[in-house]
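Chains, contacts and geometry: an overview
So the chains spell out like this:
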Amino acid sequence: MQLEARNVSFGYGNNLILRNVSLSIAQGEHVGLVGPSGCGKSTLSKLLAGYLHPKGGEILWNGKPLPSRGYCPVQMIYQHPEKAVNPMWRLGKTVNEAWKPDDTFLESMGIEKAWLRRWPNELSGGELQRFCIARALGPQTQFVIADEMSTMLDVITQAQIWKLLMDTIEQRNIGLMMVTHNMDLAKRVCSRIIWLEELNNL
Ligand code: ADP
């Protein structure tokens, strides 16, 4: 089981951001993706999760392209949870569109049932991020990409959110790629650090 980028190139318009980038991450592995701002970490994350499609090369999950419809086994958690949910949908509709979590799961993620009737702007930033983490952990999830997911939160909430995510992914042998500027956090959480600039053949 592995997530792989094979000779992936991508640009916005004519502006090439990634050239012939190759990497491979095993399912249960926890890796950090680091590099200076603007070097293409978020772009590579979106390619690996199937939100963008490479201009050259391919993204493979267990040797096959990611499914083009239905629930993707590679899920993303973003820096700004309020941008990752539809502001016009109550949270129940948002999560049920992805999958149907039961009460036990919601409780284990610290999500109150009453939240599902609320609008996204009726939760705090930390609560909404917790909701987005839960949404990303459907039964078919095998790999999670966390793109600066705790950067906007206070230190205590950051620690709570990371513990919640790590407990679940370790229990279920879900892989993790975390995108971060925080090398201390990356070293604590990850067994391997990937420097994007070293892989990029620009
Ligand atoms: P990082 O995550 O490493 O900070 P990004 O992948 O967000 O880098 O961005 C890489 C480059 O691509 C930046 O120069 C950014 O301005 C540009 N970029 C990102 N998204 C878009 C977009 N939708 N349209 C045009 N350029 C973009």
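Residues numbered from 1 in each chain as written. Predicted model: local features only at pLDDT ≥ 70, side-chain atom pairs only at ≥ 80, totals over all residues. Heavy atoms only, no water.

**Points about the site of the ligand**
The environment of the ligand is made up of Tyr12, Ile17, Pro36, Ser37, Gly38, Cys39, Gly40, Lys41, Ser42 and Thr43. At 2.7 Å from an oxygen atom of the ligand is found a main-chain nitrogen or oxygen belonging to Gly38. Contact between the ligand and Lys41: an oxygen atom at 2.9 Å from a side-chain N or O atom of the residue. Coverage of the ligand by the protein amounts to 54% of the 570 Å² it exposes when considered alone. Tallying contributions element by element places helix 1 (residues 41-48) first for the shell around the ligand, with three residues. The residue makeup of the shell around the ligand, split by class, is four nonpolar, five polar and one charged. (Near = heavy atom within 4 Å. Polar contact = N/O pair within 3.5 Å; in protein donor to acceptor, adjacent residues only side chain to side chain. Areas by Shrake-Rupley, 256 points an atom, 1.4 Å probe, with all protein chains shown as cover. Helix = DSSP H or I, 4+ residues; strand = E, 2+ residues; numbered from the N terminus. Nonpolar A, V, L, I, M, F, W, Y, C, P; charged D, E, K, R; others polar.)

**Some words on the nonpolar core**
Phe131, Leu137, Trp162, Leu165 and Leu176 are the most contacted members of the largest nonpolar core, which totals 37 residues. Those elements that place two or more of their residues in this core are helix 2 (91-98), helix 3 (103-108), helix 4 (125-136), strand 6 (143-147), helix 5 (155-172), strand 7 (175-179) and helix 6 (183-189). Ignoring sequence-local partners within four residues, the contact set of Trp162 consists of Ala146, Met149, Ser150, Leu176, Met178, Leu185 and Val189. (Core = buried A, V, L, I, M, F, W, Y, C linked by side-chain atoms within 4.5 Å. Buried < 20%, exposed > 50% of the residue type's maximum accessible area, 1.4 Å probe, protein only. Contact = heavy atoms within 4.5 Å.)

**With respect to unusual backbone geometry**
Here the phi dihedral of Asn20 falls at roughly 50°; this positive angle occurs in a residue that is not glycine. With respect to the secondary-structure elements, Asn20 resides in strand 2 (residues 15-26). One non-glycine residue, Asn173, lies in the positive phi region at around 55°. Tracing the backbone through its elements, the reader meets Asn173 in the loop between helix 5 and strand 7. Classification of Asn173 as partly exposed rests on a relative accessible area of 45%.

**Considering the pattern of salt bridges**
This structure, assessed with the given rule, holds five salt bridges. We note a salt bridge from Glu58 to Arg6, for which the minimum N-O separation is 3.9 Å. Of the two residues, Glu58 sits in strand 4 (residues 56-61) while Arg6 sits in strand 1 (residues 2-12), which places them 52 residues apart along the sequence. Overall, Glu58 belongs to the partly exposed group, its relative accessible area being 37%. For Arg6, a relative accessible area of 37% gives the class partly exposed. For the salt bridge of Lys163 with Asp167, the shortest nitrogen-to-oxygen distance reads 2.6 Å. In this pair, Lys163 and Asp167 are both assigned in helix 5, four residues apart and thus about one turn of the helix distant. Given the relative accessible area of 34%, Asp167 is considered partly exposed. (Salt bridge = Lys/Arg side-chain N within 4 Å of Asp/Glu carboxyl O.)

**Some thoughts on the packing of helix 4 against helix 5**
In contact at an axis separation of 11 Å, helix 4 and helix 5 are set at 10° when each is read in the N-to-C sense. When the axes of helix 4 and helix 5 are compared, the pair comes out roughly parallel. Across the interface between the two elements, Gly126, Gln129, Arg130 and Ile133 of helix 4 pack against Thr157, Ile161, Leu164 and Leu165 of helix 5. Looking at the contact of helix 4 with helix 5 residue by residue, the classes come out as four nonpolar, three polar and one charged. (Axes fitted to C-alpha atoms, helices over the stretch in contact; angles between N-to-C directions. Parallel < 35°, antiparallel > 145°, perpendicular 65-115°, else oblique.)

**Digging into the sheet that holds strand 1**
Across the sheet, three strands lie side by side as 2-1-4; this open sheet has antiparallel pairing. The open sheet has two edge strands, strand 2 and strand 4, and neither has a second partner. Sheet twist, expressed as the average angle between the axes of neighbouring strands with direction ignored, equals 20°. Bridging between strand 1 and strand 4 involves five bridges; their strand directions are antiparallel. Residue pairing for strand 4: Leu3 is matched across the bridge by Trp61. Contacts between helix 1 and the sheet are confined to strand 1, strand 2 and strand 4, with strand 1 contributing the most and set at about 125° to the helix. (Pairing = 2+ DSSP bridges.)

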